[in-house]
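Coordinate inspection notes
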Amino acid sequence: MSFATHHDVFAADTVFDELRFGTSASINGSGTHESGIFPSATIFFDPLSSGTAVTWQQSVLEPRIYLGASVGTGDGVDQVYGGLAWTANVTDKLFVELGLGGTVHNGDLNDDGTKGPKLGCRFLFREQVAVGYRITDNWQILATADHSSNANVCDGSNDGLSHAGLAIGYNF
């Protein structure tokens, strides 16, 4: 009879694959720049077992699902986002990640005379990219960038939201 450690039981029973915390800042131009920083938290799920992918072709066919939120300080826009993320290993420690999805936000929709981006509609397309380094089997650090816009499918403005930052992730 063998006994599993607490960590083994937790890892086997967990619903999510990774928990990531980060912070970013606006990289929009001067007229649409958001002041402050954007703390964020993202949960990744791996229902297609992308963590066991060996080739890049398998990685493409087995994305992870993510859900997250960022809070704008200053005059920044709050977002709740989600989508699919693909990870490609460059080496056993270095990797790149691409995510595609959508976001809902509380920013200004149309030009009302205030500063900051005018986004045209409440729901936006969202793309993200990251370059990461695995510190251990569980911990990783990432340089991140994301962009959200309405892709000109809404009437009105489409200034978009663009951020760059750093994140730390824990894989279960």
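Before reading on, note that the structure itself is shown above.
The text that follows walks through the structure, step by step, so that each part is easy to find. (Residues numbered from 1 in each chain as written. Predicted model: local features only at pLDDT ≥ 70, side-chain atom pairs only at ≥ 80, totals over all residues. Heavy atoms only, no water.)

For the rest of this paragraph, the subject is the packing of aromatic side chains. Here the structure, examined in full by the defined rule, presents five aromatic pairs. Here the aromatic rings of F16 and F172 are separated by 5.0 Å at their centres, their planes lie at 80°, and the arrangement is edge-to-face. In this pair, F16 sits in the loop between α1 (6-13) and β1 (18-26) while F172 sits in the segment after β8 (161-171), placing the two residues 156 residues apart along the sequence. The side chain of R126 reaches across the aromatic face of Y81, ending 3.7 Å from its centre. (Phe/Tyr/Trp six-rings, centres within 6.5 Å; stacked < 30°, edge-to-face > 60°. Helix = DSSP H or I, 4+ residues; strand = E, 2+ residues; numbered from the N terminus. Lys NZ or Arg CZ within 6 Å of the ring centre and 35° of its normal.)

Here the focus is a nonpolar patch on the surface. A contiguous nonpolar surface patch, about 860 Å² in accessible area, is contributed by F21, V90, L94, V96, V131, Y133, I135, W139, I141 and I168. Listing elements by their share of the nonpolar patch, those giving two or more residues are β5 (94-105), β6 (123-134) and β7 (139-149). Note that L94 resides in strand β5. (Patch = residues over 30% accessible without salt bridge, like charges linked within 9 Å, V, L, I, M, F, W, Y side chains within 5 Å. Areas by Shrake-Rupley, 256 points an atom, 1.4 Å probe, with all protein chains shown as cover. Salt bridge = Lys/Arg side-chain N within 4 Å of Asp/Glu carboxyl O.)

A separate point is the state of the cysteines. In this structure the tally under the stated criterion is one disulfide. Note on cysteine connectivity: C121 is disulfide-linked to C154, with sulfurs 2.0 Å apart. The sign of the S-S torsion, about 70°, decides the handedness of the disulfide formed by C121 and C154: right-handed. Taken together, the residues span a long stretch of sequence, with C121 in the loop between β5 and β6 and C154 in the loop between β7 and β8 at a distance of 33 residues. (Disulfide = S-S within 2.5 Å.)

Okay, empty space enclosed by the protein next. The tally for this structure, following the rule as stated, stands at one cavity of 30 Å³ or more. As a volume, the largest cavity reaches approximately 280 Å³. S40, Y81, R126, T144 and D146 are, among the 24 residues lining the largest cavity, the residues nearest its centre. Elements with a contribution of two residues or more to the lining of the largest cavity: β1, β2 (37-45), β3 (64-70), β4 (79-89), β6, β7 and β8. Broken down by element, the lining of the largest cavity gets its largest block of residues, five residues, from β1. (1 Å grid on protein atoms, 1.4 Å probe; cavity = no way out; pocket = protein on both sides within 12 Å on 5 of 7 lines; lining within 4 Å. Points joined across faces, edges and corners; volume = space filled by probe spheres on them.)

Looking now at the sheet that holds β6. The strand order β1-β2-β3-β4-β5-β6-β7-β8 describes a closed barrel built from eight strands, whose pairing is antiparallel. Averaged over all neighbouring strand pairs, the angle between strand axes comes to 25°, with direction disregarded. In terms of strand pairing, β1 meets β2 through eight bridges, oriented antiparallel. Within the sheet, the bridge partner assigned to E18 lies in β2 and is F44. (Pairing = 2+ DSSP bridges. Axes fitted to C-alpha atoms, helices over the stretch in contact; angles between N-to-C directions.)

Here we take up the environment of I168. Note on placement: I168 falls in strand β8. Distance in space between the C-alpha atoms of I168 and L19 is 8.6 Å, their sequence separation being 149 residues. Not counting chain neighbours up to four residues away, the residues in contact with I168 comprise L19, R20, F21, W139, Q140 and I141. (Contact = heavy atoms within 4.5 Å.)

All right, on to the pattern of salt bridges then. Enumeration according to the criterion identifies eight salt bridges in this entry. Among the ionic pairs, E18 bridges to R20, the shortest N-O distance being 2.9 Å. Measuring nitrogen to oxygen at the nearest pair gives 3.2 Å for the salt bridge that ties E97 to R64. Taken together, the positions of E97 in strand β5 and R64 in strand β3 put the pair 33 residues apart, joining distant regions of the chain. Summarising the burial analysis for this pair, E97 and R64 share the class buried. (Buried < 20%, exposed > 50% of the residue type's maximum accessible area, 1.4 Å probe, protein only.)

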